[in-house]
Amino acid sequence: MLKSKQMRGIRRVPVTLRILANKEIRRLPVKVVLGLSELFKNSKITKFAGKYYMNSFTPPYPSPAFTQFLKSIRYLRSGQGIPVYTDIAITKVCPYRCWHCSYQKREVGEDRSLEQLKRLIGDLLDMGGCIIGITGGEPLTRRDLPELIASIDERAASLLFTTGFLLTTQLAGQLKEAGLTMPIISLDHYKKEVHDELRGYKGAFELAIDAIKIFKEKGFYVCLTMAPTKDVVNVKNEIHKYLTFVQELGVHEVRIAVPSLSGNLLGKSELEFGYNERQLLNELNLYYNTKTNYPSVSSFSLIEGKEQFGCGAGYHFCFIDHLGNVCPCDVSPLRFGNINDSAFRDIWRKMTGYFHSPRSSCYSNVVSKSVQELFEGYLPLSQQSSEEIVKKMPPTVVEYELPDFYRKIGFKKRRIDGVETYENSRFNQPFTHPKRCSHEGKD
């Protein structure tokens, strides 16, 4: 098994200097570079297999994907949204019934074909995408998964979200050969019975633990996703016990998710995390990233909050479901088109006409009540209903502060048509990118 090495403080200086020498960094104003350095100062760099990982939200360095990430900053600060990070659900099939699942109420239907998905991935790469996540449902239920992963070229880091269901040593080897960057395995608790209950599947705990061991044996940087309930967050030392448990398994990183009022949680506002839960997770994130003997911690409450990247749904993040519906993010059940009917590029242009700048908190939770009122049995909502919601509750002009990442890279507020928005935002302007999509049109 490959060993990893964590770096903080002065030990980070050599790799930081190498990153700063990148030509894309040199094209940015000095104040932007200094701002980025300040933003990432609380992250813990992990050296593994000759690459440096800040967290699973940015590609590892050095890699063409990391260079593409740096290049994307120039576009984002200019007000041009690009799909930097996209999650693609390749199937709805899943034997689990997770308590928090945002995908549970999605419509049943035939999965997109391998060729359709390959064309979509080609478009994302050509439009500047540098992180592509493959999710579901349970993506391991598709036999063509290794071939799909292989279609994500070096311009993007490839992530696989899995419960571990159906994973074998042989399949993990095929995924390694296909070029998978990292698996992200669901593990919600250190107690078997609690995890199984939260995931709605007996044996889920053993499958997750086996997946961790198999992926580590195959030489992967292994990340986990923990989806804690309020009780887990508020009970003293529960997350510490969890992190101690997974540290002994040799895990490199833990994502701590925050429940969104979508899917199974639609209309269940009592389960939404409040200020105290979010603040506690932020503090845990910062604390454990000072400890070199624990995995890196990436709490959504911090990374997708004001202190870092904020909510980039529809601006730097995108989600496509197994039927081809294009949504701002995986927990925002609003649709703005379908890749079966229109080129992804055109759908993205339409969506960014509404989501033309980032926000400091989750837009999905803001519109959850409206989604619930229009809900007719399946998600996402129709395109007509989705557009009604964003026109009624514009995602970029509600009273949010600008996330620190965007503030530090030079995104500024101004007023357009009497409404306060951001200085560099563009309303429905043609999408321009130096590299044209190689695959456009209907299937």
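Residues numbered from 1 in each chain as written. Predicted model: local features only at pLDDT ≥ 70, side-chain atom pairs only at ≥ 80, totals over all residues. Heavy atoms only, no water.

Where an unreviewed UniProt entry is consulted, the chain appears under the name Radical SAM domain protein, with the organism given as Desulforamulus ruminis.

### Observations regarding the overall build of the chain
Just so we agree on the cut-off: For helices the rule is a DSSP run of H or I covering at least 4 residues; for strands it is a run of E covering at least 2, with both sets numbered from the N terminus onward. We call a residue buried when its accessible area falls under 20% of the maximum for its residue type, exposed when it is over 50%, and partly exposed in between, using a 1.4 Å probe and counting protein chains only. Between two residues, a contact is recorded if the distance between any of their heavy atoms is within 4.5 Å. Method for areas: the Shrake-Rupley scheme with a 1.4 Å probe, in which residue coverage is limited to the protein chains shown.
Per the secondary structure count, the chain includes 18 helices and 14 strands. If one aligns the C-alpha atoms of the chain with their principal axes, the spans along those axes are about 55 × 50 × 45 Å. Considering the chain as a whole, with its 443 residues, one finds that 59% of them fall into the buried category. At a minimum sequence separation of 6, the contacts of the chain that also span at least 24 residues come to 75%. Accessible area of the chain: about 18200 Å², with a carbon and sulfur share of 49%.

### Observations regarding a positive patch on the surface
For clarity, the cut-off: Like charges within 9 Å and nonpolar side chains (Val, Leu, Ile, Met, Phe, Trp, Tyr) within 5 Å are joined into patches, using only residues over 30% in relative accessible area that form no salt bridge. Note on definitions: salt bridges are taken to be side-chain nitrogens of Lys or Arg within 4 Å of carboxyl oxygens of Asp or Glu. His is not counted, nor are the chain ends, whereas Lys and Arg count as positive and Asp and Glu as negative. Lys charges are placed at NZ, Arg charges at CZ, Asp charges at CG and Glu charges at CD.
A surface patch of like charges, here positive, comprises Lys5, Arg11, Arg18 and Lys47. Along the chain, Arg18 turns up in helix H1 (residues 13-20).

### Describing the nonpolar core
As a reminder, the rule being used: We define the nonpolar core as a collection of buried residues of types Ala, Val, Leu, Ile, Met, Phe, Trp, Tyr and Cys that are connected through side-chain atoms lying within 4.5 Å of one another. Residue ranges for the domains originate in an automatic or database domain assignment.
Membership of the largest hydrophobic core comes to 123 residues, with the highest contact counts inside it found for Ile88, Ile134, Leu175, Phe215 and Phe344. Each of two domains, domain 1 (5-74) and domain 2 (80-412), supplies a minimum of three residues to this core. Residues in contact with Phe344, not counting those within four places in the same chain, are Pro83, Leu120, Asp123, Leu124, Met127, Cys318, Ile320, Val326 and Ile339. Formed by 9 residues, the second largest nonpolar core is a distinct cluster that contains Ala89, Cys101, Ala204 and Phe319.

### Here's the deal with the pairing of strand S2 (residues 45-48)
Taken residue by residue, a regular strand's side chains alternate between the two faces of the sheet. Test applied: For two strands to be treated as a pair, DSSP must find at least two bridges joining them.
Of the pairings in the sheet, the one linking strand S1 (residues 4-7) to S2 comprises 4 bridges and is antiparallel in character. Residue Ser4 lies in a different strand from S2, and its bridge partner there is Phe48. As judged from the 3 bridges shared by S2 and strand S3 (residues 51-53), these two strands associate in the antiparallel manner. Across the sheet, residue Thr46 finds its bridge partner in S3, namely Tyr53. Where S2 hands over to S3, the hairpin turn is made up of 2 residues, of which Ala49 adopts a positive phi near 50°.

### Section: the state of the cysteines
Put plainly, a disulfide is one covalent bond tying together the sulfur atoms of two cysteines. Here is the rule: Any two cysteine sulfur atoms lying within 2.5 Å of each other are counted as a disulfide.
Tallying each qualifying case throughout the model produces 0 disulfides. This cysteine, Cys311, is not joined by any disulfide, and Cys362 carries the nearest cysteine sulfur, 5.5 Å off.

### Regarding the UniProt feature "domain: Radical SAM core" (unreviewed entry) in the chain
Selection rule: UniProt positions are given in the numbering used here, feature names are shortened, and annotations may be inferred rather than shown by experiment.
Taking the UniProt record as the reference, the feature "domain: Radical SAM core" (unreviewed entry) is found at residues 80-291. Helix makes up 38% of residues 80-291 and strand makes up 14%, while its end C-alpha atoms are separated by 37 Å.

### Section: the environment of Lys105
Tracing the backbone through its elements, the reader meets Lys105 in the loop between strand S4 (85-89) and helix H5 (114-126). Between the alpha carbons of Lys105 and Lys92 there is a distance of 10.0 Å; along the sequence they are 13 residues apart. Those residues in contact with Lys105 that lie beyond four places of it in its chain are Gly263, Asn264, Phe375, Gly377, Tyr378 and Leu379.

### A closer look at the domain arrangement of the chain
The test is simple: Buried area: the sum, over both parts, of the accessible surface (1.4 Å probe) that disappears when the two are put together. Pairing of N or O atoms within 3.5 Å defines a polar contact, subject to two protein rules: one partner must be a possible hydrogen donor and the other a possible acceptor, and residues neighboring in sequence count only if both atoms are side-chain atoms.
By domain assignment, the chain separates into domain 1 (5-74) and domain 2 (80-412). Between the C-alpha centres of domain 1 and domain 2 the distance comes to 23 Å. In this assembly, 27 residues from domain 1 lie in contact with 45 residues from domain 2. Each partner contributes to the roughly 2800 Å² buried at the junction of domain 1 and domain 2, and carbon and sulfur atoms together form 67% of this total. Summed over the shared surface of domain 1 and domain 2, the result is 0 salt bridges. Connecting domain 1 to domain 2 are 11 residue pairs in polar contact (both at pLDDT 80 or more).

### Points about the sheet that holds S1
Condition: All axes are obtained by fitting lines to C-alpha atoms, using only the stretch in contact for helices, and the reported angles, taken between N-to-C directions, cover 0 to 180 degrees.
A sheet is described by the order of its strands in space; here 3 strands give the open sequence S1-S2-S3, paired in antiparallel fashion. What marks the edges here is a single partner per strand, and that holds for S1 and S3. With direction set aside, neighbouring strand axes in the sheet form an average angle of 25°.

### Focus on unusual backbone geometry
At the junction of Tyr61 and Pro62, the peptide bond is cis and its omega measures out at -5° in the coordinates. Within the secondary structure, Pro62 is located in the loop between S3 and helix H4 (64-77). A cis amide bond links Gly136 with the next residue in sequence, Gly137, at an omega value of 25°. As for its placement among the helices and strands, Gly137 is situated in the loop between strand S5 (131-135) and helix H6 (145-150). Despite not being glycine, Leu166 shows a phi value in the positive range, around 75°. Structurally, Leu166 is set in the loop between strand S6 (157-162) and helix H7 (169-178). For Asn237, which is not glycine, the phi torsion reads 75° and is therefore positive.

### Here's the deal with the packing of helix H8 (residues 192-199) against helix H9 (residues 204-217)
What counts, and what does not: Oblique is the label for every angle not falling under 35 degrees (roughly parallel), over 145 degrees (roughly antiparallel), or within 65 to 115 degrees (roughly perpendicular). Charged means Asp, Glu, Lys or Arg here, nonpolar means Ala, Val, Leu, Ile, Met, Phe, Trp, Tyr, Cys or Pro, and polar covers whatever is left, Gly included.
Running from amino to carboxyl end, H8 crosses H9 at an angle of 105°, the nearest separation of the two axes being 7 Å. If you check the angle between H8 and H9, you find them roughly perpendicular. In this structure, H8 contributes Lys192, His195, Asp196 and Arg199 to the contact, and H9 contributes Ala204, Phe205, Glu206 and Ala208. The residue inventory of the contact of H8 with H9, partitioned by class, reads 3 nonpolar, 1 polar and 4 charged.

### Some thoughts on a nonpolar patch on the surface
Residues Ile10, Val13, Leu17 and Leu20 make up a contiguous nonpolar surface patch of about 380 Å² in total accessible area. Secondary-structure assignment places Leu17 in helix H1.

### What about the packing of aromatic side chains?
Heads up, the rule is: Under the pairing criterion, centres of Phe, Tyr and Trp rings, with the six-membered ring standing for Trp, must be within 6.5 Å; the plane angle then separates stacked pairs below 30 degrees from edge-to-face pairs above 60, leaving the rest tilted.
Scanning the entire structure with this criterion turns up 24 aromatic pairs. Summarising the aromatic geometry, the rings of Tyr315 and Phe411 are spaced 6.1 Å apart at their centres and angled 75° between planes, so their arrangement reads as edge-to-face. Here the residue Tyr315 occupies a position in the loop between helix H13 (300-303) and strand S11 (317-320), and Phe411 occupies one in the loop between helix H18 (404-408) and strand S13 (413-416), the gap between them amounting to 96 residues. Each member of the pair, Tyr315 as well as Phe411, carries the same accessibility label: buried.

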